[in-house]
Structures are given as structure tokens and as C-alpha cells.
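Next come the chains, spelled out residue by residue.
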Amino acid sequence: MIFVLGPHLPPGHGSAQAAGQVTDNTVLTAIMTPIICLIVVYFVYALIAFRKRDGDEEDGSAIRGHARAQSLWVAGTSAVVIFLAGYGTWALLQTGSGGGQGPTPINVPKGPKLQVQVIAQQWQFTYRYPSYGGMETSQLVLPADRLIELHVTSLDAIHSFWAYGLGVKADAQLGTDNVVYVKTRGVKSFDIHCAELCGLWHGYMFDTGKVVDASAFTAWIGQQKKIFEPVAKYMPPFSTYYVPEPDRRAG
Amino acid sequence: MELRIAAVAAGTAIVVALLVWYVVGFLMVSPSAVTPQATQRATPTAELTLQTVAGLGDGFSQPSWVSYLVKGKAGQWKHSTIFTLPAHALVHVTVYQFDGASGLRNPFLSKPQGVVGDTMTIDGKTADVLDPDLASHTFAVAAYHLVVPLEGVADDAPNQCEDAPCTMDKAHKTITFAFRTGKPGKYRWQCFVPCAAGFIYGFGGPMQTIGYMDGFLNVV
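Residues numbered from 1 in each chain as written. Chains lettered and ligands numbered in written order. Predicted model: local features only at pLDDT ≥ 70, side-chain atom pairs only at ≥ 80, totals over all residues. Heavy atoms only, no water.

With that out of the way, let us pick up the domain arrangement of chain A. Residues and elements named next belong to chain A. Domains assigned within chain A are domain 1 (1-48 + 74-98) and domain 2 (114-234). Here domain 1 and domain 2 have C-alpha centroids that lie 31 Å from each other. Taken residue by residue, the interface counts 13 residues in domain 1 and 13 residues in domain 2. Here domain 1 meets domain 2 over a buried area of about 900 Å², counting both sides, of which 46% is carbon and sulfur. Summed over the three residues of domain 1 that lose the most area to domain 2, namely P11, G14 and G98, the buried surface amounts to 45% of that side. Seen at the junction of domain 1 and domain 2, the total is zero salt bridges. Put simply, domain 1 and domain 2 have five residue pairs in polar contact (both at pLDDT 80 or more) between them. For the side of domain 1 that touches domain 2, the leading source of residues is helix 1 (residues 16-49), giving five residues. When its residues are assigned to classes, the side of domain 1 that touches domain 2 shows five nonpolar, eight polar and no charged. (Domains from an automatic or database assignment. Contact = heavy atoms within 4.5 Å. Buried area = accessible area lost by both parts, 1.4 Å probe. Salt bridge = Lys/Arg side-chain N within 4 Å of Asp/Glu carboxyl O. Polar contact = N/O pair within 3.5 Å; in protein donor to acceptor, adjacent residues only side chain to side chain. Helix = DSSP H or I, 4+ residues; strand = E, 2+ residues; numbered from the N terminus. Nonpolar A, V, L, I, M, F, W, Y, C, P; charged D, E, K, R; others polar.)

Structure, rendered in C-alpha cells:
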């Protein structure tokens, strides 16, 4: 299970967090497989062994407890659950596992980070790069082999930023900063979806992001700054979240 | 007893059937597609002419809702937001803007993007950005990373249009731009300005209904 199926489990190895999720899925699958096999095999055995035969009009045998089997089952499954709770907590504390940690993250990876803000709105994600003058773009491009600090927020409804290939998923809420860490690896493209039902075009709220090498990223940033220079004067200062005014423009 | 069970079962089946009929009907209803003027050359071109109105007026199912209208081949205005366009074509768009400004929640969307030259014209003048507070609507196609902000009519402008379709003697702004379509497909477009008067945050009603502030480009 570990060596055959494990390397092919989702979500792949597009980032350190995604690779960690593959490991977690492998551990879960390896533990659950013998338990599921035991249940399925016994279920099939019971169907065959205890089936009603032709001409058999008597009641079935009385069901009685078996203290040893029951104790073994309760102890075994409890041990599995406790182990998985401990393992899950440990895995979360390693890298955050690609999930949103809220405005004050418990786990902050060490080292320099590139901040990127993800702004959700009905029905598109846009992205701000505070290290580059707060520039905003409609495409997510990240440098390879960098630790990225994503700040996920929304301008209206509740959305969820899901970059499956990077193993990242975080809710986007109005007035809230949801921080996620992701360590990119090699050059790749990845799908971005909204994973929270957010209105008419929720099903169309997807895009493709890119991880590019450092020089391509620098060139792309320069190009985007030039394209969006005219709108810079209207952009609000970078903030971890925004509450657009007036709240109810047309109401 | 058996009769009661049968009656309950039949009643349940009828209610479920009605629910399914309602939901399917709601999901399937959409305006008919409109094919604007198009030419077939080596690089096909098409002319898409639209107008936005603050309220459709009498004769429509939602008379108070803000909406787009499109000009058909014969020059008549139709209430539809589904446009059929040629693939790999240059589309020249003209929008007659009869609605007032509501303002963009995200100022970033006040920069024309994904259009030829990254600019638009407003009443004949070239512009590469619009004050986000002056935006009345946007025409945005996410798949093309296309966004064009549409300037609203001033609140105190004389002779404002009240019923659709609006005529050119009413107060309006004229916005033009061009974009290129890609491969055949069905691409959604939308308005980003929360312009749905009377709905919380301006995002309900016409902003959530195909045929008003949302639609499709049928690229063929």
C-alpha cells in the first residue's frame, strides 16, 4: 500500500505542503486498509455462512457478546483514533499543512517569505503583491522554491481559495485575514477553484496559476507593474483585509 | 390503511415531481442567444452593440431590475445577455451606458484589461483607467482576463432614460473597446459593480440572474 499506491495519492508533490498531504494520505490509507479489509471479509463471510437455507424455518442463533473480541475491537480502534489525532496534530504543526490558520497563525515557518494577498470577489480571485508596491493582478504567478505567505480575504461573500496542486485551501471572508504558508517547488501550472458555494458563477470561479523560475517571476512582475501603473493611484494602501465603503452601494 | 399509505405515497410523489419540475425549470430558463453583425474574413470580426439601463420598465418580468440589452442583426434592441460570436475573431464592442454610477468595490477593476491596446474610449476619448467611483457597470469575461469599466451617467444629468430600450436622445455615455475571442466554447461574462438596487450589498437579483448583469459568450 505504502510503496505501490502511496506515491500516486493526491494532491501530488507540487509544494512541500502538497507532498506532506500525500504522506498523510498514505499513512491514513495504510492504517485503514487492513481494518476495511477485515470488515468487508467478515461481512461477506456472514452473508454466506449465516444465510437462510431452503426449508429452514427456525430462528437464527442467538446473538451473544464476546468479551475478548469486543475488548480487542474497542482497544484497537481507540488506539488507531488516538494515534491519528496525535499524528494529525504533529503534521499540522510542521507546516500548517496548507490550510488557512486565521489572522494569527500558530505555525509560522522560519525563513524569508514572499507575501501574496488573495482577494476573492463575486466571481474572480485577484492578487496583490505588497513587496512590489501593492501591485494587484488578475493572475497568480509565484516564484519557484520560495516560501509564500498567502493572505486570503474577500470583498463580499464567503469564498474558499483552493489551489489543489499546491495543497492549499483557505476560506476567504469579508473583513478577515486568513494566512496560509506554502513552499513552492519546481516550475508548474496549477488549478485554482473557489470551494465555497458563493453565488451564480461559483462553478465558473476558477483559473490557472503558475510557478515560474526566479528570473521569469521578476520579468513578469515588471511587466505587470507597467500594465497596471495607471490604476495605482486609485488603489487603497495594502491592508490584510478590506471593508469597501459604502457597504451597501446600491441598496 | 392500504388506501391511506397509497394516498400518502402518491401525494409525496406528486410533491417531489413538482419540486423537480420547478428546480429544473429554474435552472434551464435563460434568454435566447443573439448573433450580432459578423464578417467572415481571414480574421473574422464582429460588432457587438450593447446598452445598459437602470430599470427595464413596463413590459418586462422584472421592470425595476438593472439590465443589459443587445442590438440584433436587424438593429432592434433585445433583452438578452447571451451573445454568439465567431471564434478567433476581433470583436468591436460599443456600450451605450444609460445608468448612473454605483462604484466598484475593487478599484483594480477600473483598469481596462484584456482588450486591444489595454484602453477603451469614453465618448470618443481614449482612456486607460476610470475613477472607480464613477463606474456604473463592467463588462468582464474571466476566461479572457477581460474587464472594462463603464462610466455612469451623472446623477444630475438632464433627460435620463427610465424605460428600456433607451433612445440616443437620452443622457448616456458611449464606451467602445475591442477584444479577441479564442477557441470555440461557452464563456461566462458578468458585471462586477454591485448595482442591484434594493438588494443587500447590491449583489442580489439581477447580479445573480442570467439575462440581466450576467450572461454567456457562445463562441463558435
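With 34 residues of chain A at the interface, the matching set in chain B holds 40 residues. Where chain A touches chain B, the interface holds zero salt bridges. Where chain A meets chain B, there are 10 residue pairs in polar contact (both at pLDDT 80 or more). When residues of the side of chain A that touches chain B are traced back to their parent elements, those giving at least two are strand 1 (114-121), strand 2 (124-129) and strand 3 (135-137) of chain A. Within the side of chain A that touches chain B, the residues separate by chemical class into 18 nonpolar, nine polar and seven charged.

The assigned domain composition of chain B is domain 1 (1-30) and domain 2 (32-219). Here the C-alpha centroids of domain 1 of chain B and domain 2 of chain B sit 40 Å apart.

Attention now moves to a negative patch on the surface. Taken together, D56, E57, E58 and D59 of chain A make up a surface patch of like negative charges. Within the secondary structure layout, E58 of chain A lies in the loop between helix 1 and helix 2 (67-95). (Patch = residues over 30% accessible without salt bridge, like charges linked within 9 Å, V, L, I, M, F, W, Y side chains within 5 Å. Areas by Shrake-Rupley, 256 points an atom, 1.4 Å probe, with all protein chains shown as cover. Lys, Arg positive; Asp, Glu negative; His and termini not counted. Charge placed at Lys NZ, Arg CZ, Asp CG, Glu CD.)

All names here are of chain A. An order of 4-10-9-6-7 is seen for the five strands of this open sheet, with the pairing classed as mixed. Looking at strand neighbours, the two that pair on one side only are strand 4 (141-143) and strand 7 (168-172), the edges of this open sheet. Each strand axis lies, on average, 20° off the axis of its neighbour in the sheet, ignoring direction. Along the sheet, helix 3 (residues 214-227) contacts strand 4 and strand 10 (206-212); its crossing angle with strand 4, the most-contacted strand, is approximately 140°. (Pairing = 2+ DSSP bridges. Axes fitted to C-alpha atoms, helices over the stretch in contact; angles between N-to-C directions.)

Next up on the list: the nonpolar core. The nonpolar side chains of a soluble globular protein tend to be buried, and buried together. Counting 49 residues, the largest nonpolar core has L50, F139, F177, F179 and L217 of chain B as its most contacted members. Those residues in contact with F179 of chain B that sit more than four places away from it in its chain are L85, A89, L90, V91, V93, G114, V115, V116, F139, Y144, L146 and L217 of chain B. Listed in part, the 37 residues of the second largest apolar core include F125, L140, L150 and V180 of chain A. (Core = buried A, V, L, I, M, F, W, Y, C linked by side-chain atoms within 4.5 Å. Buried < 20%, exposed > 50% of the residue type's maximum accessible area, 1.4 Å probe, protein only.)

It is worth spelling out the state of the cysteines at this point. Residue and element names in this part refer to chain B. In total, this model carries one disulfide over all chains according to the counting rule given. A disulfide bridge connects C161 with C166, and the sulfur atoms are separated by 2.0 Å. Every disulfide takes its handedness from the sign of the S-S torsion; for C161 and C166 that torsion is -90°, giving left-handed. C166 gets classed as buried once you look at its relative accessible area, which sits at 3%. Of all cysteine sulfurs in the structure, the one in C191 sits closest to C195, which takes part in no disulfide; the separation is 4.0 Å. (Disulfide = S-S within 2.5 Å.)

Below, the discussion takes up the pairing of strand 6 (residues 159-163) of chain A. Residues and elements named next belong to chain A. In terms of burial, strand 6 is a largely internal element, four of the five residues being buried. As defined by bridge partners, strand 6 adjoins strand 7 across five bridges and the pair is classed as antiparallel. If you follow S160 over to strand 7, its bridge partner there is D171. Turn length for the strand 6-strand 7 hairpin, with the two strands adjacent in sequence and antiparallel, is four residues, and the turn residue G167 shows positive phi of about 70°. Sheet topology note: the strand 6/strand 9 (residues 188-194) ladder contains two bridges and is antiparallel. Following the sheet pairing, F161 is matched in strand 9 by C194.

The next thing to look at is the side chain of R105 of chain B. Residue position: R105 of chain B is located in the loop between strand 6 (90-97) and strand 7 (120-122). In this structure, R105 of chain B is buried with no salt-bridge partner, the nearest side chain bearing the opposite charge being D156 of chain A at 5.0 Å. A distance of 2.6 Å separates a polar atom in the side chain of R105 of chain B from the backbone oxygen of L155 of chain A.

Looking now at the sheet that holds strand 5 (residues 147-154) of chain A. Residue and element names in this part refer to chain A. The strand order across the open sheet built from five strands is 3-2-1-5-8, with neighbouring strands paired in mixed fashion. Two strands lie at the open edges of the sheet, namely strand 3 and strand 8 (178-183), each paired on one side alone. In this sheet, adjacent strand axes meet at a mean angle of 25° when their direction is disregarded. Pairing analysis gives seven bridges linking strand 1 to strand 5, with the strands arranged parallel. In the sheet register, L114 faces strand 5, and the bridge partner there is I148. Packing of helix 3 onto the sheet brings it into contact with strand 1, strand 2 and strand 3, and relative to strand 3 it is tilted by some 95°.

What follows deals with helix 2 of chain A. Residues spaced three or four apart along an α-helix face the same direction, because each turn holds 3.6 residues. Residues and elements named next belong to chain A. End to end, helix 2 covers 43 Å across 29 residues, agreeing with the expected 42 Å (1.5 Å per residue, within 8%). Among all positions of helix 2, only V80, Y87 and A91 are buried. Turning to helix 2, the residues buried within the fold contact helix 1. Directly after helix 2, the chain includes G96, whose backbone phi takes a positive value near 85°. (Expected span 1.5 Å × (residues − 1).)

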